[in-house]
Amino acid sequence: MSKSPRWRKKETEDLIFFLKTKPVIWDKSHEYYRNSKKREKALKEISKSLGIDRQRVTKKVENMIDNYYKVLSNVSGMRHWIFDLLDQFLKTDNYVSRVPPNECNGWAPIKAQRPCL
């Protein structure tokens, strides 16, 4: 089985641009988020716009969103340009709870808040 080609930065940026316009894929509060047919249709539209296989697009979207939430919960502050692009629209999602900043780690998800040492 051959490995799929690596995603180029421009392809990933374009994918994020199209993903932002399809909240049915990533917004858990969207009325059709749990409707697999509507989500699949949105992924097919993105795939067609990019000229990239739908399975490849689906896998990349899942990986990016998973990694986004891993980085979000990482208090060390390591960030990646993909995180910054996704953060522009995913951070407004209803299920990302934030607490006020503290002096040692700034804004962080509730599960990531730690007392200053």
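Everything numeric here is computed off the predicted structure, so don't read it as measured data.

## Side note on the overall build of the protein chain
Consideration 1: Check the secondary structure of the protein chain and you find 5 helices and 2 strands.
Consideration 2: The helix and strand sequence of the protein chain, counted from the amino end, reads α-α-α-α-α-β-β.
Consideration 3: By residue count, 33% of the 117 residues in the protein chain fall in the buried class.
Consideration 4: Sequence-distant contacts, at least 24 apart, represent 47% of the contacts inside the protein chain between residues at least 6 apart.
Consideration 5: Surface exposure of the protein chain reaches about 8,300 Å², of which carbon and sulfur atoms provide 51%.

## Topic: the packing of aromatic side chains
Consideration 1: Across all of its chains, the model carries 2 aromatic pairs by this definition.
Consideration 2: Considering the side-chain rings of phenylalanine 17 and phenylalanine 18, the 5.4 Å spacing of their centres and the 75 degrees angle between planes classify their relative orientation as edge-to-face.
Consideration 3: Taken together, a centroid distance of 4.9 Å and an interplanar angle of 85 degrees make the contact between tyrosine 68 and tyrosine 69 edge-to-face.
Consideration 4: Take tyrosine 69: its relative accessible area is 22%, and that puts it in the partly exposed class.
Consideration 5: Positioned above the aromatic ring of tryptophan 7 is the side chain of arginine 56, whose terminal nitrogen or guanidinium carbon lies 4.7 Å from the ring centre.

## Looking at the layout of surface pockets
Consideration 1: In this structure, the largest pocket encloses a volume near 590 Å³.
Consideration 2: As for the largest pocket, its lining consists of 23 residues, and the residues nearest its centre are Arg6, Trp7, Lys59, Lys60 and Asn63.
Consideration 3: For the lining of the largest pocket, the secondary structure elements donating two or more residues are α1 (9-20), α4 (54-72) and α5 (81-90).
Consideration 4: Considering each element in turn, the lining of the largest pocket owes the most residues, 9 residues, to α4.
Consideration 5: Tallied by class, the residues present in the lining of the largest pocket amount to 9 nonpolar, 6 polar and 8 charged.

Scoring rules and cut-offs
- Residues numbered from 1 in each chain as written.
- Predicted model: local features only at pLDDT ≥ 70, side-chain atom pairs only at ≥ 80, totals over all residues.
- Heavy atoms only, no water.
- Helix = DSSP H or I, 4+ residues; strand = E, 2+ residues; numbered from the N terminus.
- Buried < 20%, exposed > 50% of the residue type's maximum accessible area, 1.4 Å probe, protein only.
- Contact = heavy atoms within 4.5 Å.
- Areas by Shrake-Rupley, 256 points an atom, 1.4 Å probe, with all protein chains shown as cover.
- Phe/Tyr/Trp six-rings, centres within 6.5 Å; stacked < 30°, edge-to-face > 60°.
- Lys NZ or Arg CZ within 6 Å of the ring centre and 35° of its normal.
- 1 Å grid on protein atoms, 1.4 Å probe; cavity = no way out; pocket = protein on both sides within 12 Å on 5 of 7 lines; lining within 4 Å.
- Points joined across faces, edges and corners; volume = space filled by probe spheres on them.
- Nonpolar A, V, L, I, M, F, W, Y, C, P; charged D, E, K, R; others polar.

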